[in-house]
Amino acid sequence: MTKITAAITAVGGYVPQFVLTNKMLEEMVETNDEWITSRTGIKERRILKKEEGEGSSYLAIQAAKKILEKQHLDPAEIDLVIVATATPDSMVASTAAFVASEIGAKNAFAYDLLAACSSFLFGMSTAARYIESGRYKKVLLIGADKMSSIIDYTDRTTCIIFGDGAGAVLFEPNTEGLGLKDEYLRADGSGRQFLGMEGGGSLLPATEQTVRDRKHFIFQDGKTVFKFAVSNMADVAERIMKRNNLADTDVSWLVPHQANKRIIDATANRMGLDQSKVLMNIQRYGNTTSATLPLLLSDYEDKLKKGDNLVFAAFGGGFTWGSIYLKWAY
Ligand code: UT7
């Protein structure tokens, strides 16, 4: 019997209209364009304003619709919708269920997957298993985050980094050996003290005090997270290459999480990759958490060729991190 692999067969991306530039941030906190650009590579990010739409679901729906329109896909054919996110619309009710209904995926089951900045990467692994099982034919994986909903715009250590956006991919069965080939995924719970949001969960439910103490905003010990991110993202990417006998010349593209240009450069260096093979859009969107990887695929779709070897790498809160090797299918 021919082996079924899980291939990405379509991509779609969406960023909201409002552009928050470094210059604008200079008016809001004690920072400057030179500092932000040299330390992170970010020039501007997109913010979802109320007038345009609300919630991560809005962003997810826009990205999903791009795929439906491009592929002339009947949403009733979709078996499963996964929304990878760190900012679901609300606690408890699945954001993915709402998204599935709104796009007309009436025969799909749907759920959210939360693993901070690694949500989409882990979602690729999850989506692939459903396809490989042979039971499901169309899995829509969406990475969507409205990071502005949990950012303190008086905190210069976080507000310069994050932005809002969404990207979606369709996974379908492939019998040519294309699609997801290998993965190495990791987690280390000791990392939660360095990056996260303390309030609003079961550990520290919302009270007047938690609001006063600004516990419903993201915090990070940037330096510590930076060190872990640099070494771990490079380690896993190198490991995936070795395990699959991929030389630097065999890798067509590195698809790295967009948290900091210096982290991306360090990963590419360890892999021995030329800059021209590194997908990057951090300068325009900042860190969109679960949306960085699919937004890269969407922005660079024209450059990707059938059979190209893509190495994905991500690192995020938790800590969570990993790398995936995937052969492009179209
Ligand atoms: O996606 C999830 C994973 N997240 C990450 O991967 C983020 C990893 N961390 C980073 O990207 C970097 O650590 C940051 C961009 C957050 C910070 O860069 P850094 O080079 O590590 O700077 P730092 O935190 O060591 O701060 C250096 C200095 C400090 O001043 P002093 O103590 O040296 O006087 C900060 O107070 O820069 C100051 N600083 C700023 N200055 C201007 C911190 N934020 C800013 C700012 N503008 N926005």
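Residues numbered from 1 in each chain as written. Predicted model: local features only at pLDDT ≥ 70, side-chain atom pairs only at ≥ 80, totals over all residues. Heavy atoms only, no water.

**Points about the domain arrangement of the protein chain**
Each assigned domain of the protein chain is listed here: domain 1 (5-177) and domain 2 (180-327). Computed over C-alpha atoms, the centres of domain 1 and domain 2 are 14 Å apart. Between domain 1 and domain 2, the residue contacts involve 57 residues of the former and 47 residues of the latter. Roughly 3800 Å² of surface becomes buried between domain 1 and domain 2 when both sides are summed, with 62% attributable to carbon and sulfur atoms. It is Cys 117, Leu 121 and Ile 150 in domain 1 that bury the most area against domain 2; as a group they hold 16% of the surface buried on that side. On the surface where domain 1 and domain 2 come into contact, there are four salt bridges. The salt bridge involving Glu 176 is made with Lys 306; its shortest N-O contact spans 3.1 Å. Counting the contacts that link domain 1 with domain 2 gives 20 residue pairs in polar contact (both at pLDDT 80 or more). (Domains from an automatic or database assignment. Contact = heavy atoms within 4.5 Å. Buried area = accessible area lost by both parts, 1.4 Å probe. Salt bridge = Lys/Arg side-chain N within 4 Å of Asp/Glu carboxyl O. Polar contact = N/O pair within 3.5 Å; in protein donor to acceptor, adjacent residues only side chain to side chain.)

**Considerations on the packing of helix 8 (residues 222-243) against helix 9 (residues 261-271)**
Where helix 8 contacts helix 9, the two axes come as close as 9 Å, and the packing angle between them is 30 degrees. Relative to helix 9, the element helix 8 is oriented roughly parallel. The two elements helix 8 and helix 9 cross, and the hand of that crossing is right-handed. Facing Phe 226, Ala 229, Val 230, Ser 231, Met 233, Ala 234, Asp 235, Ala 237, Glu 238 and Met 241 of helix 8, the residues of helix 9 in contact are Arg 262, Ile 263, Ala 266, Thr 267, Arg 270 and Met 271. Its residues assigned to classes, the contact of helix 8 with helix 9 comprises ten nonpolar, two polar and four charged. (Axes fitted to C-alpha atoms, helices over the stretch in contact; angles between N-to-C directions. Helix = DSSP H or I, 4+ residues; strand = E, 2+ residues; numbered from the N terminus. Parallel < 35°, antiparallel > 145°, perpendicular 65-115°, else oblique. Left-handed = near helix turned anticlockwise from the far one by under 90°. Nonpolar A, V, L, I, M, F, W, Y, C, P; charged D, E, K, R; others polar.)

**Here we look at the site of the ligand**
Around the ligand sit 22 residues, and of these Thr 31, Arg 39, Lys 223, Asn 260 and Asn 287 come closest. The side chain of Asn 287 places a nitrogen or oxygen atom 2.7 Å from an oxygen atom of the ligand. Taken by itself the ligand offers 950 Å² of open surface, and the protein chains cover 75% of this. According to the grid-proximity analysis, the pocket containing the ligand is the second largest pocket. Contributing elements (two or more residues each) for the shell around the ligand: helix 2 (33-40), helix 8 and helix 9. (Near = heavy atom within 4 Å. Areas by Shrake-Rupley, 256 points an atom, 1.4 Å probe, with all protein chains shown as cover. 1 Å grid on protein atoms, 1.4 Å probe; cavity = no way out; pocket = protein on both sides within 12 Å on 5 of 7 lines; lining within 4 Å. Sits in = over half its atoms within 2 Å of the grid points.)

**Notes on the sheet that holds strand 12 (residues 309-316)**
With mixed pairing, the four strands of this open sheet are ordered in space as 8-13-12-11. The sheet is open, and its two edges are formed by strand 8 (179-187) and strand 11 (253-256), each paired on a single side. Pairwise comparison of adjacent strand axes, ignoring direction, gives a mean angle of 15 degrees for this sheet. (Pairing = 2+ DSSP bridges.)

**A word on a positive patch on the surface**
Together, Arg 39, Lys 223, Lys 227 and Arg 262 line one region of the surface with positive charge. Residue class for Lys 223 comes out exposed when judged on its relative accessible area of 64%. (Patch = residues over 30% accessible without salt bridge, like charges linked within 9 Å, V, L, I, M, F, W, Y side chains within 5 Å. Lys, Arg positive; Asp, Glu negative; His and termini not counted. Charge placed at Lys NZ, Arg CZ, Asp CG, Glu CD. Buried < 20%, exposed > 50% of the residue type's maximum accessible area, 1.4 Å probe, protein only.)

**Observations regarding the packing of aromatic side chains**
Given two aromatic rings, one states the distance between the centres and the angle between the planes to describe the pair. Here the structure, examined in full by the defined rule, presents eleven aromatic pairs. Residues Tyr 14 and Tyr 58 carry aromatic rings whose centres are separated by 6.2 Å and whose planes lie at 80 degrees to one another, so their mutual orientation is edge-to-face. Separated by 44 residues along the polypeptide, Tyr 14 in strand 1 (residues 5-14) and Tyr 58 in helix 3 (residues 55-71) bring together distant segments of the chain. What links up through ring pairs into an aromatic cluster is the set Phe 194, Phe 228, Phe 315, Phe 319 and Trp 321. Over the face of the ring belonging to Phe 18 we find Lys 49, whose NZ or CZ atom lies 4.4 Å from the ring centre. (Phe/Tyr/Trp six-rings, centres within 6.5 Å; stacked < 30°, edge-to-face > 60°. Lys NZ or Arg CZ within 6 Å of the ring centre and 35° of its normal.)

**Here's the deal with the layout of surface pockets**
Here the largest pocket defines a volume of roughly 1100 Å³. When grouped by side-chain class, the residues that make up the lining of the largest pocket number 16 nonpolar, 14 polar and four charged. Lining the lining of the largest pocket are residues from two domains, each supplying at least three of them: domain 1 (5-177) and domain 2 (180-327). Lining the second largest pocket are 29 residues, with Ile 161, Gln 220, Gly 222, Lys 223 and Asn 260 sitting closest to its centre. Mapped onto the lining of the second largest pocket, the elements with two or more residues apiece are helix 2, helix 6 (156-159), helix 8, helix 9 and strand 12. Element by element, the count of residues in the lining of the second largest pocket is highest for helix 8, at seven residues. Here the lining of the second largest pocket is composed, by residue class, of 13 nonpolar, ten polar and six charged. Among the domains, domain 1 (5-177) and domain 2 (180-327) are the pair contributing at least three residues each to the lining of the second largest pocket. (Points joined across faces, edges and corners; volume = space filled by probe spheres on them.)

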